[in-house]
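What follows is the residue order along each chain.
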Amino acid sequence: MSLNDIILWPGTKICERMGVDPEGDAGLIRWMINTLVYLFIGLIIVWIVVA
């Protein structure tokens, strides 16, 4: 498993559960899901560091 696969894992798994091909035209859906996941994780980390 490469670093690329690890970073894209959340979006890939959610797309597979929805029955959408994450490698095809639905790559934007995978990108959006990954963005939201990492935004949420980043906000939690910032909240812990600042507060």
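Since the model is a prediction, treat every value here as computed from it, not as a measurement.

Q: Help me out: how do you make sense of a nonpolar patch on the surface in this one?
A: Taken together, the side chains of Met-1, Leu-3, Ile-6, Ile-7, Trp-9, Tyr-38, Ile-41, Ile-45, Val-46, Val-49 and Val-50 make up a nonpolar region of the molecular surface, amounting to roughly 1200 Å² of accessible area. Those elements giving two or more residues to the nonpolar patch turn out to be helix H1 (3-7) and helix H3 (27-50). Broken down by element, the nonpolar patch gets its largest block of residues, six residues, from H3. Secondary-structure assignment places Leu-3 in helix H1. Looking at Leu-3, the relative accessible area reads 61%, which means it is exposed.

Q: Looking at this structure, how should I read the side chain of Asn-34?
A: By the secondary structure assignment, Asn-34 is in helix H3. Of the residues examined, Asn-34 reaches a relative accessible area of 6% and is grouped as buried.

Q: Would you mind going over helix H2 (residues 9-18) with me for this structure?
A: Since the α-helix packs 3.6 residues into each turn, any two residues three or four apart lie on the same face. Pro-10, Gly-11, Thr-12 and Cys-15 are the residues of H2 that are buried. The secondary structure elements touched by the buried residues of H2 are H1 and H3. In the stretch just after H2, Gly-19 is the one whose phi turns positive, near 80°.

Q: In this structure, what is going on with the pattern of salt bridges? I would like to understand it.
A: Charged atoms that come close allow side chains of opposite charge to pair. A full pass over the atoms with the stated rule returns two salt bridges. Among the ionic pairs, Glu-16 bridges to Lys-13, the shortest N-O distance being 3.4 Å. In this pair, Glu-16 and Lys-13 both sit in helix H2, three residues apart, roughly one turn of the helix. Using a relative accessible area of 36% as the deciding quantity, one classes Lys-13 as partly exposed. Close ionic contact of Arg-30 with Glu-23 constitutes a salt bridge, the shortest N to O distance being 3.2 Å. For Arg-30, a relative accessible area of 13% corresponds to the buried category.

Calculation rules
- Residues numbered from 1 in each chain as written.
- Predicted model: local features only at pLDDT ≥ 70, side-chain atom pairs only at ≥ 80, totals over all residues.
- Heavy atoms only, no water.
- Patch = residues over 30% accessible without salt bridge, like charges linked within 9 Å, V, L, I, M, F, W, Y side chains within 5 Å.
- Areas by Shrake-Rupley, 256 points an atom, 1.4 Å probe, with all protein chains shown as cover.
- Salt bridge = Lys/Arg side-chain N within 4 Å of Asp/Glu carboxyl O.
- Helix = DSSP H or I, 4+ residues; strand = E, 2+ residues; numbered from the N terminus.
- Buried < 20%, exposed > 50% of the residue type's maximum accessible area, 1.4 Å probe, protein only.
- Contact = heavy atoms within 4.5 Å.

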